[in-house]
Amino acid sequence: NLFTIKQNEYGNQSAFAAEFIPKHTLIFAEVPAIRGGEIEIATLYNENGTHKCQADDDAFLKNNIGLDESTRKAIWELH
């Protein structure tokens, strides 16, 4: 592995190089959970009051976008 995950000086989990990593090396890539028009719809629902709380947004992610529970949980941990 090029990197390892360990606790930093602030008590958070961080990625650290396990060996020299050359400049421009791709370490990690993922597909966005929410894309394009889905973001626009979710934003509109929040702006017009259709979504009033996180539970409304979570239901949208589940029912309209089809995200599983673990993906939704990860989104809320970042949000």
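Going by the structure above, here's the rest.
These notes cover the structure that comes with them. Bear in mind the structure is a predicted one, so any value in this text is a computation, not a measurement.

1. Looking at the packing of helix 2 (residues 54–65) against helix 3 (residues 69–78)
Thinking step 1. Interaxial distance between helix 2 and helix 3 falls to 10 Å at its minimum, and their mutual angle equals 140°. On the basis of their axis angle, the class for helix 2 and helix 3 is oblique. Both helix 2 and helix 3 take part in a crossing whose hand is right-handed. Contacts between helix 2 and helix 3 involve Q54, D57, D58, L61 and K62 from the former and R72, I75 and W76 from the latter.
Thinking step 2. Of the residues contributing to the contact of helix 2 with helix 3, the split by class is 3 nonpolar, 1 polar and 4 charged.

2. Some remarks on helix 2
Thinking step 1. Between its first and last C-alpha atoms helix 2 spans 15 Å; for 12 residues at 1.5 Å apiece the expected length is 16 Å, and the two agree.
Thinking step 2. Listed in full, the buried residues belonging to helix 2 are D57, F60, L61 and I65. Viewed along the axis of helix 2, the buried residues span an arc of 95°, placing them on a single side of the element. Turned more than 90 degrees away from the buried face of helix 2, the exposed residues are A55 and N63.
Thinking step 3. Buried residues in helix 2 make contact with helix 1 (36–47) and helix 3.
Thinking step 4. Phi for G66, located one or two positions after helix 2, is positive at around 85°.

Rules of the game
Residues numbered from 1 in each chain as written. Predicted model: local features only at pLDDT ≥ 70, side-chain atom pairs only at ≥ 80, totals over all residues. Heavy atoms only, no water. Axes fitted to C-alpha atoms, helices over the stretch in contact; angles between N-to-C directions. Helix = DSSP H or I, 4+ residues; strand = E, 2+ residues; numbered from the N terminus. Parallel < 35°, antiparallel > 145°, perpendicular 65-115°, else oblique. Left-handed = near helix turned anticlockwise from the far one by under 90°. Contact = heavy atoms within 4.5 Å. Nonpolar A, V, L, I, M, F, W, Y, C, P; charged D, E, K, R; others polar. Expected span 1.5 Å × (residues − 1). Buried < 20%, exposed > 50% of the residue type's maximum accessible area, 1.4 Å probe, protein only. Arc of directions from axis to C-beta.

Don't take any of this as a statement about function, it's just geometry.
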